[in-house]
Amino acid sequence: MSNTQIFNLPDVGEGLVEAEIVSWKVKPGDTVAVNDVIVEIETAKSLVELPSPYAGVVSDLLVPEGQTVEVGTPIIAVAPEGSQPAPATPQPAAGTTADTSAPEQPVPNAAPEAGPLVGSGPKADPVRRRLRRGSAASTAGTTTAGRGFARPSGKATAPAAMHLPEPHGQAQHVPPVPTDDDAAVPGSVSSGHRGEAVQAAVSRLLTRVLAKPPVRKAAKDLGINLADITPTGKGGEVTKQDLLSYQAQREAEQAAAPTFWAPRKGLLDNRIERIPVKGVRKATAKAMVESAFSAPHVSIFVDVDASRTMEFVQRLKKSRDFEGIKVSPLLILAKAVIWAAARNPSVNASWVEAESGDEIHVKHFMNLGIAAATPRGLLVPNIKDAQDLSLKELAVALNELATTARAGKTKPADMQHGTLSITNIGALGIDIGTPIINPGEVAIVAFGTIRQKPWVVSGEVIPRWITTLGGSFDHRVVDGDLSARFMADVAAIMEEPALLLD
Amino acid sequence: MGAEHLPASEFDIEELEQSLVTSDPADAPPLVQLMAPDGSLREDTKYGHYAAHLDGEALRAMYRDMALVRRFDQEATALQRQGQLLLWPPLLGQEAAQIGSGTALQAQDYVFPTYREHGVALTRGLELSKVLRLFRGVSNGGWDPRESNFHLYTLVLAAQSLHAVGYAMGVQRDGDDAVTVAYFGDGASSEGDVHESMVFAASNQSPVVFFCQNNHWAISVPTEVQSRIPLSNRASGYGFPGVRVDGNDVVAVHAVTRWALERARSGKGPVLIEAFTYRMSAHTTADDPTKYRELAEEEKWRERDPLLRLERYLRSTNTAGQDFFDQIAAEADKLAASTRADVLAMEAPDFEDHFANVYAEPHPLIREELEWHRQYQAGFAEETAGQAEGEAR
């Protein structure tokens, strides 16, 4: 069957990236002529019938009905007429088993070895770029080529992965990347799973929340942040349904508040809601127990007059240099913590239990963790090498970290190798608390809310912007005096940010 | 809040239609028609004799052109659906407007088309598959306009109307006897370019024919939304005649165009022809007309199909028999097959070609940039050579 021709899903609109296979008009074994309608697909724009580009006998339908696939995905294999009396081969879409009495099992996923990509169109992927050599002639060219490469390469490998020759007739079921949609396609062909997996991988690379324009607009009209919605779309996009169910849930929650305490009829049990512990909740619980019961915590607090910090923040906000960058007191605190850690290095360390005896590893770099409440739960992504960042760069890094976390797109690598953390409980209106150290670290700083309070300055009571800083330290590493010095240093910066200029 | 909150369309057409003051039907210009939808002939004292020379052979040739271009159009649409073309604007339904007007032209006349004039291209002797080079993305044009006096497709809406008037003004200065024809649609008629070009054409009494194919839909916007009066009435505002002709009547279109060309050629200035027709297919392959218009409307126009009309005449008068139609169908299929073969054989252009199209003569700056480009290209890793080859295929 080496002459089998594969038809790849074309872009039938202008710049469409995917389409759903709505219904097949042919089945394996059918004879087709050029331009016979073979399939109906639905794009973001319309329902479209696709005519066959080849004449011959349908040897396989490569995508089941109801599945959405990317442009360029092989969807049908057509063998030249007479080359092979193609009997009914296992048809993935119908979910029927193959006629095992057939003497010779034809290969359903016919392998086009040389990759005849005919039919993919003249420009299936206009953004694809080639790899530049290490020593490039032009620096500008290098960066653009390099950046452009990551995404297309995922796409480019997709068709290749689906063509993998399969020696046996039965569609081999590769363990799929679990997605919620899989259950809906019983006995779907392996290529489909892989297609979805590749698609998911590509979409993970893009940090932007994906949604079609009407959904985007509706979300805006409803005052809903798309990043708050759990996307279920095939490409990881927020679908119309996602938006509607989020909206319904939000309304239901708000409506349910008054009835929360209302006694429910029936058994006593009904008054207790059981929530299985899994995912981030489970991980958080484990980390907190591990930290709280292995590292002896010492917590100390200090009240700070942060009025100067507030003034400084106001000035930064107005400065042209920081235009478009979100500036908050947290930025000053982060800078203060980095500054203070350099003067008290033991807080930027970890306790390591080794065979040869326990060790304290003092880090000469700062991967500054910021605890963030995200749709997935509590996460502590960190800013790598924060000590090297200017105030402006740090501001940008904090914004990016927060945006990524809120969008639920924080990657595991972002959360590894932290050296010291800050938890901004003040953002929730809380004065202060005793934070639990992020496992692997020995110190954490809690930032309380900043509010105007009566304060005594030069014997007079005047309103000032006051906050409370709290810190928890692993007493195995950090003694009381050191932790006190560290916190006093942090507080000093918050009281007088100009000290940062030292 | 449910699904109804999601935006459906930009506006509600029904509501808009009600709000429009429909002009008095008595004000509507007469529709010039020489052949009724049932294939019977009509008298017309003014334009009738401009079709008098059309004998059986000429009418059979017109039918052949219309059938060929329709089949070509189908094939191009299929090629787009198969991923071989990036986009295609179908002409289905407008064959008579294009073949009728195109066949009225003389060799020295110059056509400035929009992007849907595949039928006119055929009458100018252009090899049709050349039109597809643009839509396959292998050329910025596709043909040498000077060979056929058929300008390149203009995708910038209505810009070609200015080109046509400019060319016509040049013809006046050369003392030539050529006439230019600007083809555009009802949608483009709302563009400022058309207004400006009509002002200049009228002021200069230039030999230009504005040929507007009113196919009733500017993508999803119906003509009524764009104009409260019949489009042909606009010409009087500029000071030249406007004629509304049945765009699905190839004989009438031919006659009216001949009249307009003769008039322009004799120095009497421009004419606006509104060919009243219907786009029976989508605006382009990226469009879905079922989203904005009723199937019943399409059905109504299907009865007025330009090919059907001429076929009825040819059969009822025994001007052509079944043999003729079979032969045309076979010829059309052959054209489709060769078109397909041509498209599949089209090769992607070399990027370096662009450097040759900046100046007419060698230029040091361009030479330097070409050299830079070659160095840049040479900087790519070797391992991707095979991959690039695969892509090109």
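Residues numbered from 1 in each chain as written. Chains lettered and ligands numbered in written order. Predicted model: local features only at pLDDT ≥ 70, side-chain atom pairs only at ≥ 80, totals over all residues. Heavy atoms only, no water.

Colleague: How do you make sense of the pattern of salt bridges when you look at a structure like this?
Modeller: Close approach of charged atoms allows side chains with opposite charge to pair. Residues and elements named next belong to chain B. Under the definition given, this model contains 31 salt bridges over all chains. Across the salt bridge formed by Glu95 and Arg70, the nearest N and O atoms sit 2.8 Å from each other. Note that Glu95 is positioned in helix α3 (residues 95-102) and Arg70 in helix α2 (residues 56-81), a separation of 25 residues in sequence. We classify Glu95 as buried; its relative accessible area is 0%. Put simply, Asp305 and Arg70 hold a salt bridge, and the shortest N to O gap is 3.0 Å. Separated by 235 residues along the polypeptide, Asp305 in the loop between α12 (295-302) and α13 (306-316) and Arg70 in helix α2 bring together distant segments of the chain. Comparing Asp305 with Arg70 shows no difference in burial state: the two are buried. A single network of salt bridges, built from pairs that share partners, joins Arg71, Glu75, Asp333 and Arg340. (Salt bridge = Lys/Arg side-chain N within 4 Å of Asp/Glu carboxyl O. Helix = DSSP H or I, 4+ residues; strand = E, 2+ residues; numbered from the N terminus. Buried < 20%, exposed > 50% of the residue type's maximum accessible area, 1.4 Å probe, protein only.)

Colleague: Please explain the sheet that holds strand β4 (residues 37-42) of chain A as it appears in this structure.
Modeller: Within a sheet, each strand pairs with its neighbour through backbone hydrogen bonds, oriented either parallel or antiparallel. All names here are of chain A. Pairing is antiparallel across the open sheet formed by four strands, whose spatial order is β5-β4-β2-β7. Here the strands that pair on one side only, and so sit at the sheet edges, are β5 (47-51) and β7 (68-70). Pairwise comparison of adjacent strand axes, ignoring direction, gives a mean angle of 40° for this sheet. Here strand β2 (residues 18-24) runs beside β4; their pairing, made up of four bridges, is antiparallel. When the sheet's bridge partners are listed, Trp24 is paired in β4 with Val39. (Pairing = 2+ DSSP bridges. Axes fitted to C-alpha atoms, helices over the stretch in contact; angles between N-to-C directions.)

Colleague: Got a minute to help me understand the packing of α3 of chain B against helix α11 (residues 250-265) of chain B in this structure?
Modeller: The description of two helices packed together rests on the angle between their axes and the distance between the axes. Residues and elements named next belong to chain B. It is the contact of α3 with α11, at a shortest axis distance of 7 Å, that shows an interaxial angle of 40°. Regarding the angle of α3 to α11, the classification is oblique. Along this stretch, α3 crosses α11, giving a crossing that reads as right-handed. Contacts between α3 and α11 involve Ala96, Ala97, Ile99, Gly100 and Ser101 from the first element and Val250, Val253, His254 and Thr257 from the second. (Parallel < 35°, antiparallel > 145°, perpendicular 65-115°, else oblique. Left-handed = near helix turned anticlockwise from the far one by under 90°. Contact = heavy atoms within 4.5 Å.)

Colleague: Looking at this structure, how should I read the nonpolar core?
Modeller: Nonpolar side chains tend to gather and get buried jointly when the protein is soluble and globular. Within the largest apolar cluster, 73 residues are counted, with the highest numbers of intra-cluster contacts made by Tyr63, Leu310 and Leu314 of chain B. Contact partners of Leu314 of chain B, with chain neighbours within four places excluded, come to Leu59, Arg60, Tyr63, Thr319, Ala320, Phe324 and Phe325 of chain B. In this structure, Ile370, Leu394, Val445 and Leu469 of chain A belong to the second largest nonpolar core, which totals 52 residues. (Core = buried A, V, L, I, M, F, W, Y, C linked by side-chain atoms within 4.5 Å.)

Colleague: Hey, could you run me through the sheet that holds strand β3 (residues 31-32) of chain A in this one?
Modeller: All names here are of chain A. Read from one edge to the other, the open sheet built from four strands follows the order β1-β8-β6-β3, with strand pairing classed as antiparallel. At either margin of the open sheet sits one strand with a lone partner, and together these are β1 (5-8) and β3. Pairing of β3 with strand β6 (residues 56-61) involves two bridges; the strand directions are antiparallel. Within the sheet, the bridge partner assigned to Val32 lies in β6 and is Gly56.

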